Amino acid sequence: MSTSAIASPREENSSRALRELSAPAFPASAQYPHLNPYIAHPLVSRPIHARIDLSALRHNYLQARRRASGTRAFAVVKADAYGHGLLRAARALGDVADGFALLDLAEGVALRDAGIRQPIVLLEGLFAASDVAVCVDYDLRPAIHCFDQIAMLRSVPAGARLSVGLKINSGMNRLGFTPDQVPHALAELQALPGVAAVMLMSHFANADDPRGVDWQYQRMAALLADYPGEVSLANSAAILRHTQVRCDWVRPGIVLYGGSPFAGERAASFGLRPVMTLQSRLIGVQEVLPGDRVGYGGLFEATQATRIGVVACGYADGYPRHVPGGSPILVNGQRTVTVGRVSMDMMACDLSAIPDAGIGSEVTLWGEGLPADEVAAAAGTISYELFCSLARRVPVSECGLEALAAEIAGAVPAAGGA
């Protein structure tokens, strides 16, 4: 046990006194589960919630795989499936995904514990030598990107063999071996008795912009041409736009969650559906006069009489504080704009063109009816960040369960085909 976990007598006495002081005033939270901010419950009081459409997630994976016909696809579920929930993604994709890709060793173990048996790749490889034994026990495939990690693989137990990736730094200059280093690194890996198959991997810096992928691909072409093993290069943007780099395995990421990898191009144009919808309700309405200001700093000044709606959503929920006024939002399904500065727990919007809106009216921050990519563009960011920033205090529910169950049971054909 860590010494930091051992309380001193003084600390124990202080803790006991605090418990005794507070106990009479506060009943056990188990008596009121709807008031626990971290338990999803239909009686939760504050109206904000995120809805995850598992059928849409499955649909998007199959769309990506169809785009890369003839390859297999790792579903990229790092960062808790881009904020959507790792085990939710596993339920939606467990029977159709060819494999999964993530970063965290614990998440790889969680997938195995959930019954996932397909290949699982750890995109940043090993962080410590102790990771090797876990990878062996749970059949996790680290993507090796430096000679230090190769040295760690010498601790693979006798008789065990581990499949790995070898990451090529083809020009992005984050992780990986340079093309000149690859033959030596590959030889070292193949000489280790504990290493089985080696998959060559790389990542593209400009697959989503005009520079494209050819400048990186050409740096690897000679290495890849005669390589007898498997190769994985294509991310979401490359799957959709660059057929020449799809190879044996592709790695769809943002497209799984209904986001577009291309600025200015709607995800729907690629047949993708939104997976996360963030919604709340109006909790207040103000009638402001010309010259009145709204919110911190008074950034919005009314030029005419204006109805202002106050939404139960703020940056503590994961909505970006830096979203400027005039950004899109839906109230009662109708498009309007935000007003003033986003606060910790609230934000404001213009109700002037929505006369039927009032306290309790439904508000969509992003998702169904309002693409997250559009909101992200207004905030000067990308939908990846919106999804990953969803706060822990926001209750999450699931939908699309009946469609998902029917597809798994084979009652209806899976959208997008296999």
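Residues numbered from 1 in each chain as written. Predicted model: local features only at pLDDT ≥ 70, side-chain atom pairs only at ≥ 80, totals over all residues. Heavy atoms only, no water.

## Structural notes on the overall build of the protein chain
No. 1: Helix and strand content of the protein chain: 13 helices and 18 strands.
No. 2: Put simply, the protein chain has 418 residues, and 48% of those count as buried.
No. 3: Taking all contacts inside the protein chain whose residues are at least 6 apart in sequence as the whole, residues at least 24 apart take part in 65%. (Helix = DSSP H or I, 4+ residues; strand = E, 2+ residues; numbered from the N terminus. Buried < 20%, exposed > 50% of the residue type's maximum accessible area, 1.4 Å probe, protein only. Contact = heavy atoms within 4.5 Å.)

## A few points about the environment of Arg72
No. 1: As for its position among the elements, Arg72 is in strand S2 (residues 72-76).
No. 2: In this structure Arg72 comes out as partly exposed when scored by relative accessible area, which is 39%.
No. 3: In this structure, the C-alpha to C-alpha distance between Arg72 and Val250, residues 178 residues apart in sequence, is 6.3 Å.
No. 4: With near-sequence residues (within four places) excluded, Arg72 lies in contact with Asp98, Glu230, Asp248, Trp249 and Val250.

## Side note on the nonpolar core
No. 1: In this structure, Val77, Leu153, Leu166 and Trp366 are the most contacted members of the largest nonpolar core, which totals 116 residues.
No. 2: A total of six residues in this core trace back to one element, the largest contributor, which is helix H2 (residues 54-67).
No. 3: Aside from chain neighbours lying at most four places away, what touches Val77 is Leu86, Ala89, Phe100, Ala101, Leu102, Glu107, Leu111 and Tyr257. (Core = buried A, V, L, I, M, F, W, Y, C linked by side-chain atoms within 4.5 Å.)

## Regarding the confidence of the model for the protein chain
No. 1: Confidence in the prediction for the protein chain averages 90 pLDDT; 88% of positions are at 70 or higher.
No. 2: Across residues 31-40 the pLDDT falls below 50, and counting only partners more than four positions away or on other chains, this stretch makes twelve contacts in the model.
No. 3: Long-range and interchain partners of residues 414-418, a stretch whose pLDDT sits below 50, account for twelve contacts in this model, where long-range means more than four residues apart. (pLDDT = per-residue confidence, 0-100.)

## Some words on unusual backbone geometry
Peptide bonds are mostly trans, and most non-glycine residues show a negative phi.
No. 1: Even without being glycine, Ala79 reaches a positive phi, approximately 55°.
No. 2: In this structure, Ala79 sits in helix H3 (residues 78-82).

## Focus: the packing of aromatic side chains
No. 1: Considering all chains together, one arrives at six aromatic pairs under this definition.
No. 2: For the ring pair Tyr82 and Tyr257, a centre distance of 4.7 Å and an interplane angle of 25° mean the geometry is stacked. Placement of the pair is Tyr82 in helix H3 and Tyr257 in the loop between strand S9 (249-250) and strand S10 (276-288), with a sequence separation of 175 residues. Take Tyr82 and Tyr257: they sit in the same class, and that class is buried.
No. 3: When the centroid spacing of 4.9 Å and the interplanar angle of 75° are considered together, the rings of Phe147 and Phe177 count as edge-to-face. One end of the pair, Phe147, is in helix H7 (residues 147-152); the other, Phe177, is in the loop between strand S6 (162-167) and helix H8 (182-191), and 30 residues separate them in sequence.
No. 4: According to the relative accessible area criterion, Phe147 is partly exposed, its value standing at 30%.
No. 5: What makes Phe177 buried here is its relative accessible area of 1%.
No. 6: Arg211 extends its terminal NZ or CZ atom over the ring of Trp215, reaching a point 3.7 Å from the ring centre. (Phe/Tyr/Trp six-rings, centres within 6.5 Å; stacked < 30°, edge-to-face > 60°. Lys NZ or Arg CZ within 6 Å of the ring centre and 35° of its normal.)

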